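Spelled out, the chains give:
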Amino acid sequence: MLMTALFLLLLALGIGGLGWLLQRWTSLPHGKVLKEDMSDARASPPLFAPRYRLVGRPDYLIRQRKAIIPVEVKATRAPRYPHPSHVMQLVAYCLLVEETFGLRPPYGWIRYRDRSFQVEYTPELREELLRVLASMRRDLERGEAHRQHRSPARCRACGFRTICDESLV
């Protein structure tokens with residue numbers, strides 16, 4: 001009986017250690033993975049905030065005690081600081097978590113190929129996101145949404161390139 005208890009304790013420690021190693025290897029924040037959208041087979045449904053007419057699907061949702069942390073994974077090398085568009089995308093996921101689960105995340109996480117950034121979900125960033133969304137809606141309603149970059153690579157990856165009058169490719 002003592003040997004069985006010792007075996008089960010070692011097994012539990014091993015499984016816990018494996019989880020810790022996986023967490024370190026992926027550089028995800030510590031916690032339980034609630035949802036992941038990194039594989040087609042297990043794609044989770046998107047989050048929806050009707051009040052803001054906002055829909056999105058973070059790559060991961062991590063539960064940390066009573067918080068739910070959105071994680072966005074980028075395949076590129078990390079810049080010195082996260083790109084503003086990536087920060088806004090993450091802030092949108094924070095807003096979606098807040099609206100969907102009724103829990104305001106303290107921060108979100110952007111994981112680049114070689115580095116991660118924790119981005120605080122501040123009231124100022126939330127308000128900036130709401131201003132950006134309002135501006136985007138005004139531009140779309142007026143038919144005045146224009147390309148805001150000079151990158152052919154971004155145009156090649158864009159789903160609207162075949163109908164865009166401003167495409168660079």
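Everything here concerns the structure above.
Residue indices follow the written sequence of each chain, beginning from 1 at its first position. At least 70 in pLDDT is required for a residue's local features to be given in this predicted model, at least 80 for side-chain atom pairs to be given and counted, and no such filter applies to totals for whole chains, interfaces and linings, which use all residues. Water and hydrogen atoms were dropped before computing side-chain values, which therefore reflect all heavy atoms in the structure.

Glancing now at the packing of aromatic side chains. Note on aromatic contacts: the rings of Phe and Tyr and the six-membered ring of Trp form a pair at centre separations within 6.5 Å, being stacked when their planes are under 30 degrees apart, edge-to-face when over 60 apart, and tilted otherwise. A full pass over the atoms with the stated rule returns 2 aromatic pairs. With 6.4 Å between their ring centres and 55 degrees between their planes, Y107 and W109 make a pair best called tilted. With relative accessibility at 16%, the residue W109 sits in the buried group. Ring plane angle 90 degrees and centroid distance 5.8 Å describe the contact between Y112 and F117, whose orientation is recorded as edge-to-face. Each member of the pair, Y112 as well as F117, is classed as buried. Exposure is judged per residue with a 1.4 Å probe applied to protein chains only, and the accessible area is read against the type maximum: over 50% gives exposed, under 20% gives buried, and values in between give partly exposed.

This next bit is on the side chain of R126. Only DSSP runs of H or I covering at least 4 residues are called helices, and only runs of E covering at least 2 are called strands; the numbering of each starts at the N terminus. Structurally, R126 can be placed in helix 3 (residues 123–142). Distance and chemistry together define a polar contact, namely a pair of N or O atoms within 3.5 Å, with one atom able to donate a hydrogen and the other to accept it when in protein, and with adjacent residues in sequence counting only for side-chain atoms on both sides. Here E98 takes part through its side chain, which lies 3.1 Å from a polar atom of the side chain of R126. In this description, contact between two residues means that some pair of their heavy atoms is separated by no more than 4.5 Å. Setting aside residues no more than four positions away along its own chain, R126 makes contact with Y52, V91, L95, E98, E99, R104 and Y121.

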